[in-house]
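Listed here are the chains, written in short residue letters.
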Protein chains: 2
Amino acid sequence: MRRYLSGIIAVLAVMVLTSSSLQAKKIRWRLAMSWPTSLTPISSPAIKLAKYMKEMSDGKFIIKVEGAEKTKAALGVFDMVKGGSYQMGHTTSYFYIGKDPSLVWFTTVPWGMTKDEQYAWFYYGNGMKYMKKVYAKYGMLAFPGGNTGVQMGGWFRKEIKSVDDLKGLKMRIPGFAGKVMAKLGVSVVNIPGGELYTSLDRGTIDALEWVGPGMDIKMGFYKVAPYYYTGWHEPGAEALFYVNKKAFEKLPQKYKTMLVTGMKAVAADMFMENFADSVTAWQKMIKEMPNIKVKTFPISVLKAMKKATDEVLNEYAAKDPTFKEIMNDYMSYQKKARVWTMMSEYYYLKASQEVQNVK
Amino acid sequence: MRRYLSGIIAVLAVMVLTSSSLQAKKIRWRLAMSWPTSLTPISSPAIKLAKYMKEMSDGKFIIKVEGAEKTKAALGVFDMVKGGSYQMGHTTSYFYIGKDPSLVWFTTVPWGMTKDEQYAWFYYGNGMKYMKKVYAKYGMLAFPGGNTGVQMGGWFRKEIKSVDDLKGLKMRIPGFAGKVMAKLGVSVVNIPGGELYTSLDRGTIDALEWVGPGMDIKMGFYKVAPYYYTGWHEPGAEALFYVNKKAFEKLPQKYKTMLVTGMKAVAADMFMENFADSVTAWQKMIKEMPNIKVKTFPISVLKAMKKATDEVLNEYAAKDPTFKEIMNDYMSYQKKARVWTMMSEYYYLKASQEVQNVK
């Protein structure tokens, strides 16, 4: 009997231990961000995702989020997630065009799609298929992680009246748009974020681009460069979540779905937060500095920017068949999508403006 | 010793039973939709939410989704969720303005906010606070559940050249916009969806509004009414998830977070699906019927619509202090938000159009 009882105890003990060890087994991931933890709304998606994952998993899936202030490697996220030292990252794709130019198509390009058009391309066109294919080369999965909407064209100390005014202009404008501006004679300079305000104030640079009112206000540029140009170069910049492919594939389905669902929710939320921040910030800026002038570049300048953009893109396409394939698909989708954007959103905004103007 | 062993067995047995009964306990909810299951993309959010909840909960949270074809009560969702016979619903707020006019602010109003503006108001302005307050009266929680974007102004058999052309025009345009059109002399008629095509074809009605190309194409209107007017009356119609408050409050935190996160993800997705459907459908329609003309109402007509909208809203506001309070907050947010929409999205689209037009 005692032996029999011992058997029962053993079986039950195994059941309890199995059950409780399963319960106790925590998944601990690390996520590296390309921005400081305090840089909302761009740092918000990763921070919120970690919170939701913890809650949804009953504390069993913990993501430790590390900002660039900790990792000291804002542009190292790609390699950290690829190598597996971090299971996840929150960054942008176009930071890494030096490694692979095709990556640009998953953030934004000058004169490209708006966020609505691009999301339709990602999820209901071929966007995610290409993203999966390109990132698979690096052992990673990538997912949309929040959009800034149309970014402003930047802060200028002087008005731009012609293409000639761009010649020799010293401007901080990184990445693809910088290559376009260089073609127009702009002297593209690279200055760390912390020195930008002083450089603009002292005239060391004549202009710079950042994001939009919500993020620009913290930098103070509106106090020293009164011309705020409307956007052309980053019409819908998407942040991306990176996930190490092997780490993802080891997860049970429930955690995969939590991650994918969570990423989509926080991505949507980042746009909202940035939009709301911009609404509030713009009211504050214009009140404090009523001399800020919102300007659109003259049509001759816009045309030159478009021509230079096409040249830069075609140069890459000539050298890289994957770049070309994605570009053709992107352009073809943009053309169709834009017709609908104009029919719906654009004509509504235009009609609203006209109706309000003539009370 | 035997006694001692029995004690251990008893304790272990309780642990096993507790653990496995907790594991086995399934939550089964029902969700009623205001639309047939087949009516994508508007039926997509609820169907996807149920799928994600099942996966995230490891099969322990099951939501049975029932379309209007099953419940036979498209407009009964409010009462079904309020009463608790369904724990959730997927519907729109403005279907129920007969019960409470304030509900209109959580779907859309003529000349109101775009979806981006409205989402910023919901989540970073006072929108969700008001939504919570208003729906608490009915024992429900409500959450954004997908947006259509700017809806088209409708299909017209004849061109509208002046306000006079609206007088006596027989049009299917329900809800708030119908009240506005009635003020302009339109004879607003109510015809079941299944009879609309024939009515428009035979001239029993002169015009109707539906949604946008993606959903309109299935109805065939483009074959019989060639004037497709741009939107003014539903600039960002939001579907809502309803949740019975008592049912929600009984849930453990993990399921609450799964639901809230899931609803946000599927809401974002519905807009994308509808946008992509519209892109594709419009290409198909215009190819099949090249005589379709996209028109914007003349400025005199738009102004009359705006004036009539203000009258209708002010009439409600005069009778209902809650309506007035929400209206004032909404209008004040819209005014600020629109400045940013114009600076960012609008001027980008305008510049792109100009650049493309002059190649």
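Residues numbered from 1 in each chain as written. Chains lettered and ligands numbered in written order. Predicted model: local features only at pLDDT ≥ 70, side-chain atom pairs only at ≥ 80, totals over all residues. Heavy atoms only, no water.

Caption draft 1: Highlighting the environment of His-90 of chain A. Residues and elements named next belong to chain A. Secondary-structure assignment places His-90 in strand β3 (residues 88–92). Along the backbone, His-90 and Trp-121 are 31 residues apart, and their C-alpha atoms lie at a distance of 21 Å. Only 3.2 Å separates the side chain of His-90 from the side chain of Trp-35, close enough to count as a polar contact. (Helix = DSSP H or I, 4+ residues; strand = E, 2+ residues; numbered from the N terminus. Polar contact = N/O pair within 3.5 Å; in protein donor to acceptor, adjacent residues only side chain to side chain.)

Caption draft 2: Looking closely at the sheet that holds strand β5 (residues 154–156) of chain B. Residues and elements named next belong to chain B. One open sheet holds the six strands; their spatial order is β7-β6-β8-β5-β9-β11, and the pairing between them is mixed. The open sheet has two edge strands, β7 (187–188) and β11 (293–295), and neither has a second partner. By the bridge criterion, three bridges tie strand β9 (residues 227–229) to β11 in an arrangement that is parallel. Paired with Tyr-228 across the two strands is Val-294, which belongs to β11. (Pairing = 2+ DSSP bridges.)

Caption draft 3: Region of interest: the confidence of the model for chain A. Confidence in the prediction for chain A averages 94 pLDDT; 92% of positions are at 70 or higher. Taken together, the chains of this predicted complex give a pTM of 0.94 and an interface ipTM of 0.94. (pLDDT = per-residue confidence, 0-100.)

Caption draft 4: Seen up close, the pairing of strand β3 (residues 88–92) of chain B. Residue and element names in this part refer to chain B. The buried fraction of β3 amounts to five of the five residues, a majority that puts the element mostly inside the structure. Where burial is concerned, the two faces of β3 agree: the one with Met-88, His-90 and Thr-92 and the one with Gly-89 and Thr-91 are both buried. Judged from the three bridges that link them, strand β1 (residues 27–33) and β3 form a sheet pairing that is parallel. Pairing of Leu-31 across the sheet is with Met-88, part of β3. (Buried < 20%, exposed > 50% of the residue type's maximum accessible area, 1.4 Å probe, protein only.)

Caption draft 5: Focus on the relation of the copies chain A and chain B. Each copy superposes on the other: chain A lies on chain B with an RMSD of 0.0 Å after a rotation of 180 degrees and an axial shift of 0.0 Å. Overall, the copies show the geometry of a two-fold rotation axis. A share of 100% of interface residues in chain A that are also interface residues in chain B marks the association as one of identical surfaces. (Least-squares fit on C-alpha atoms with pLDDT ≥ 70 in both. Contact = heavy atoms within 4.5 Å.)

Caption draft 6: Up close: the packing of aromatic side chains. One pass over the structure, following the stated rule, counts 61 aromatic pairs over all chains. Pairing Phe-78 of chain A with Tyr-96 of chain A gives two aromatic rings, centres 5.2 Å apart and planes at 45 degrees, and the pair type is tilted. With a gap of 18 residues between them, Phe-78 of chain A in helix α4 (residues 77–83) and Tyr-96 of chain A in the loop between β3 and α5 (115–124) connect regions that are remote in the sequence. Taking the relative accessible area as the measure of exposure, Tyr-96 of chain A reaches 3% and is therefore buried. Ring geometry for Phe-78 of chain B against Tyr-135 of chain B: centres 6.4 Å apart, planes inclined by 45 degrees, an arrangement best described as tilted. A residue pair is termed long-range when its members are at least 10 positions apart, and Phe-78 of chain B in helix α4 (residues 77–83) and Tyr-135 of chain B in helix α6 (residues 127–136) qualify at 57 residues. Note on accessibility: Phe-78 of chain B and Tyr-135 of chain B belong to one class, buried. In this arrangement the basic side chain of Lys-115 of chain B is found over the ring face of Phe-271 of chain B, its NZ or CZ atom lying 4.0 Å from the centre. (Phe/Tyr/Trp six-rings, centres within 6.5 Å; stacked < 30°, edge-to-face > 60°. Lys NZ or Arg CZ within 6 Å of the ring centre and 35° of its normal.)

Caption draft 7: Region of the structure containing the pairing of β1 of chain B. Residues and elements named next belong to chain B. Strand direction decides the pairing type here: β1 and strand β2 (residues 61–66), joined by six bridges, are parallel. By the bridge assignment for β2, Ala-32 is matched with Glu-66. With helix α2 (residues 44–56) bridging β1 and its parallel neighbour β2, the resulting β-α-β unit is right-handed. (Right-handed = clockwise from strand over helix to strand, strands pointing away.)

Caption draft 8: Expanded view of the interface of chain A and chain B. In this assembly, 83 residues from chain A lie in contact with 83 residues from chain B. Summing the contributions of chain A and of chain B, the shared interface buries around 7,900 Å²; its carbon and sulfur component is 73%. At the surface where chain A touches chain B, the tally comes to six salt bridges. Mapped by element, the contributors of at least two residues to the side of chain A that touches chain B are α1 (2–24), α2 (44–56), α5, α11 (253–288), α12 (299–319) and α13 (321–357) of chain A. Of the residues forming the side of chain A that touches chain B, the biggest block, 22 residues, is contributed by α13 of chain A. Classifying every residue of the side of chain A that touches chain B by side-chain character gives 46 nonpolar, 19 polar and 18 charged. (Buried area = accessible area lost by both parts, 1.4 Å probe. Salt bridge = Lys/Arg side-chain N within 4 Å of Asp/Glu carboxyl O. Nonpolar A, V, L, I, M, F, W, Y, C, P; charged D, E, K, R; others polar.)

Caption draft 9: Summary view of the environment of Gly-185 of chain A. Residues and elements named next belong to chain A. Inspection of the secondary structure puts Gly-185 in the loop between α7 (175–183) and β7 (187–188). Each C-alpha atom of the pair Gly-185 and Phe-275 lies 33 Å from the other, and the pair is 90 residues apart in sequence. Apart from residues no more than four positions distant in its own chain, Gly-185 is found in contact with Leu-166, Lys-167, Gly-168 and Leu-169.

Caption draft 10: Up close: the side chain of Ser-352 of chain A. With respect to the helices and strands, Ser-352 of chain A occurs in helix α13. Taking relative accessible area as the criterion, Ser-352 of chain A reaches 5% and is therefore assigned buried. Polar side-chain contacts of Ser-352 of chain A include one of 2.9 Å to the backbone oxygen of Tyr-348 of chain A. Not counting residues up to four positions away in its chain, the partners in contact with Ser-352 of chain A are Trp-111 and Arg-338 of chain B.

Caption draft 11: Examining the packing of α11 of chain A against helix α5 (residues 115–124) of chain B more closely. At a minimum axis separation of 9 Å, α11 of chain A and α5 of chain B run at an interaxial angle of 90 degrees. What the angle tells us is that α11 of chain A and α5 of chain B run roughly perpendicular. In contact with Asp-269, Phe-271, Met-272, Glu-273, Phe-275 and Ala-276 of chain A of α11 of chain A, α5 of chain B contributes Asp-116, Glu-117, Tyr-119, Ala-120, Tyr-123 and Tyr-124 of chain B. Here the contact of α11 of chain A with α5 of chain B is built from residues that sort into eight nonpolar, no polar and four charged. (Axes fitted to C-alpha atoms, helices over the stretch in contact; angles between N-to-C directions. Parallel < 35°, antiparallel > 145°, perpendicular 65-115°, else oblique.)

Caption draft 12: Region of the structure containing the pattern of salt bridges. Residue and element names in this part refer to chain B. By the definition in use, this model includes 46 salt bridges over all chains. The salt bridge partner of Lys-307 is Glu-311, with a shortest N-O separation of 3.5 Å. Taken together, the residues Lys-307 and Glu-311, both in helix α12 (residues 299–319) and four residues apart, mark about one turn of the helix.

Caption draft 13: Quick look at unusual backbone geometry. Following Thr-40 of chain A, the chain continues to Pro-41 of chain A via a peptide bond in cis, the omega torsion being 0 degrees. As for its position among the elements, Pro-41 of chain A is in the loop between β1 (27–33) and α2. Here Asp-58 of chain B, not a glycine, exhibits a phi torsion of approximately 60 degrees, which is positive. Judged by relative accessible area, which is 46%, Asp-58 of chain B ranks as partly exposed. With a phi angle near 60 degrees, Trp-111 of chain B is a residue other than glycine that sits in the positive phi range.

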